[in-house]
Amino acid sequence: MQGQAAVVGIGETDYYKRGESPKTEFQLASEAINKAVADAGLKLEDIDGFTSYMESRNDPGRLSAALGMKNVAFAAQPWGGGGNGVAASVAIADAAISAGYAKNIVVFRALAQGQFGRFGQSKASNYAHGNRAYSAVYGMLSPAHICAMQTTRFMHQYGVSQDSLAEIALAAHAHAQLNPRAIRYGKPLSREEYHASRWIAKPFHLYDCCPENDGATAIVISTREQAKDLKQTPVPILAAAQGLGKRDGALIFNEPSFPTSFNREVGQQIWQRAGITPKDVQVAQFYENFTGPVLMAITEMGFCEPEEINEFVADGNIQGPDGKLPINTSGGNLAECYIHGFELINEAVRQVRGQSTCQVKDVEHSLVVSGPGFSPGSAVLFSRD
Amino acid sequence: MQRYMPDWWVLPAINDQNREFFTSGEIKIQQCEACGQVQHPPEEVCHQCQGIVFDWRSCSGEGTIFSHTVVEHPIPNSLQERVPYAVILVSLTDYPAIRIIGNATNIDADKVAVGQKVRAVFEVIEDEQAKVTLKIPQWEVIS
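Residues numbered from 1 in each chain as written. Chains lettered and ligands numbered in written order. Predicted model: local features only at pLDDT ≥ 70, side-chain atom pairs only at ≥ 80, totals over all residues. Heavy atoms only, no water.

1. Observations concerning the overall build of chain B
When helices and strands are counted, chain B shows one helix and nine strands. Secondary structure elements of chain B, listed N to C terminal, follow the sequence β-α-β-β-β-β-β-β-β-β. What you see for chain B is a C-alpha radius of gyration of 16 Å, in line with the 15 Å of a compact globule of 143 residues. Judged by the C-alpha coordinates and their principal axes, chain B covers about 45 × 40 × 25 Å. Expressed as a percentage of the 143 residues in chain B, the buried residues total 53%. At a minimum sequence separation of 6, the contacts of chain B that also span at least 24 residues come to 55%. In the form shown here, chain B has an accessible surface area of approximately 6,500 Å², with 45% of it arising from carbon and sulfur atoms. Taking the 11 positively charged and 19 negatively charged side chains of chain B as two groups, their mean positions are separated by 3 Å. (Helix = DSSP H or I, 4+ residues; strand = E, 2+ residues; numbered from the N terminus. Rg over C-alpha atoms; globule rule 2.2 N^0.38 Å. Buried < 20%, exposed > 50% of the residue type's maximum accessible area, 1.4 Å probe, protein only. Contact = heavy atoms within 4.5 Å. Areas by Shrake-Rupley, 256 points an atom, 1.4 Å probe, with all protein chains shown as cover. Lys, Arg positive; Asp, Glu negative; His and termini not counted. Charge placed at Lys NZ, Arg CZ, Asp CG, Glu CD.)

Spelled out as structure tokens, the structure:
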């Protein structure tokens, strides 16, 4: 069964390097939401719901007071403290709209890392508690280390090359050169620069890792019925999925399917619900925490077998606007701006509307896959009306 | 043996679930008394039968490097003097599905490779604050 919801508005603030935003995180959230509501041709008082993810600091009570809303009929977040919830936050809004719990839901993410510090940064203390004892004691501390461990095994198991990791970074930077919003606009990246950049945690070079940024992005989701009367071409949510395989929630790399990006079940479910296959997708946004997990996510979503990933990403195949499957066409987390991946949702909607700075031709289906390597995974598929 | 990470680095906060792992001087894995399932890290409920009574299964201390990373960028900055260091993921010979994080203590970080055979060694540390003798499992590459 498909939901009844469509994206009717999108908005984003200017994007900044970490700590350079002149506005607070809450001010950024308000600005992005105002822009998305205006883009839809709605008023703030029409909004009656919020969803977000990653334990948003900008709670619905404070937001609704500041935005002068008449009612908050629905507010929710998926579990978890990671980018794996990007698409899930849209899925929850889709479900709520389809169930009639709210009429116009804002889905958003805002962050000002200068104001609040790096999200999830490990701090040294004398003791590692709980399950961190099994990892932090050995110097396994950050998401980079976790994803590096997954990626090393993936590369070993399937013969994946360092150049395939590079392709993800190169595509993001190439696309950012077309996008004036992008932090890396005017700063192209060559393959030589990629390989010469310093190591962070092998197999990740500097350019395999997403940067730290400040900004906010938001969308408005309404019923497809109401969407017809609004300002923009509505972008229906064709399908969404969360997924996590058997015992894949086992900790510190004891999931039976390791190395996994936690997207196998996500992929199976979303294609089944949508009634299409990966071949029917013209453009995709894959959350890049690090390049390696993106490669894993491409295979687990069913675009190719792991043994085929080197060829799948080579030769400009993932570069837009003319590649076989352009990915991260705004520059993504790596080169547009890291708003914990929500900027990818806005870009996926733009691709259906025909408004991308790297516009792919004849987009019927536009996919977003959330943060790989953290569970549960999620994805959302937009379609032409 | 000298600690692989710096002397001042974090220690495991010992509790009833991890005491055997970090103090016994053996590689000990949680085993469900009802169904015999082994699992790591220790959990409050058995993943196979949802039992809640557990014992500990001693393992040979032999394993294979299943994956690894070499950390070059220090987090936090105070590890600047320690990088590069290698973190390894060991698949136990006795229970290949069980994977344990550790360090390869006897070779350079860049010499670590998937498939190397390892054997458990233990860093004995007196944690005077917690009044416990830790025997932190670590690994030596043997081939």
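We are not done yet, so read on.
2. Structural notes on the interface of chain A and chain B
Contacts between the two partners involve 38 residues from chain A and, on the opposite side, 46 residues from chain B. Where chain A abuts chain B, roughly 3,600 Å² becomes buried across the two surfaces, and 59% of that area is made up of carbon and sulfur atoms. If you sort the residues of chain A by the area they bury against chain B, Tyr127(A), Tyr134(A) and Tyr138(A) come out on top, with a joint share of 24%. The tally of links between chain A and chain B comes to two salt bridges. We note a salt bridge from Asp110(B) to Lys202(A), for which the minimum N-O separation is 2.7 Å. At the junction of chain A and chain B, the tally comes to 24 residue pairs in polar contact (both at pLDDT 80 or more). Listing elements by their share of the side of chain A that touches chain B, those giving two or more residues are β6 (127–128), α5 (143–158) and β7 (199–202) of chain A. (Buried area = accessible area lost by both parts, 1.4 Å probe. Salt bridge = Lys/Arg side-chain N within 4 Å of Asp/Glu carboxyl O. Polar contact = N/O pair within 3.5 Å; in protein donor to acceptor, adjacent residues only side chain to side chain.)

3. Some details on the pairing of strand β9 (residues 213–223) of chain A
The two faces of the sheet receive side chains in turn, since in a regular strand these alternate between them. Residues and elements named next belong to chain A. β9 sits mainly inside the fold: 10 of its 11 residues count as buried. Bridge analysis of strand β1 (residues 5–12) against β9 gives seven bridges, and the strand direction is antiparallel. Across the sheet, residue Gly 9 finds its bridge partner in β9, namely Val 220. Across two bridges, the pairing between strand β2 (residues 16–17) and β9 is antiparallel. (Pairing = 2+ DSSP bridges.)

4. Notes on the confidence of the model for chain B
Across chain B, the average pLDDT comes to 97, with 100% of residues at 70 or higher. For this predicted complex, the interface confidence score (ipTM) comes to 0.98, while the overall pTM stands at 0.96. (pLDDT = per-residue confidence, 0-100.)

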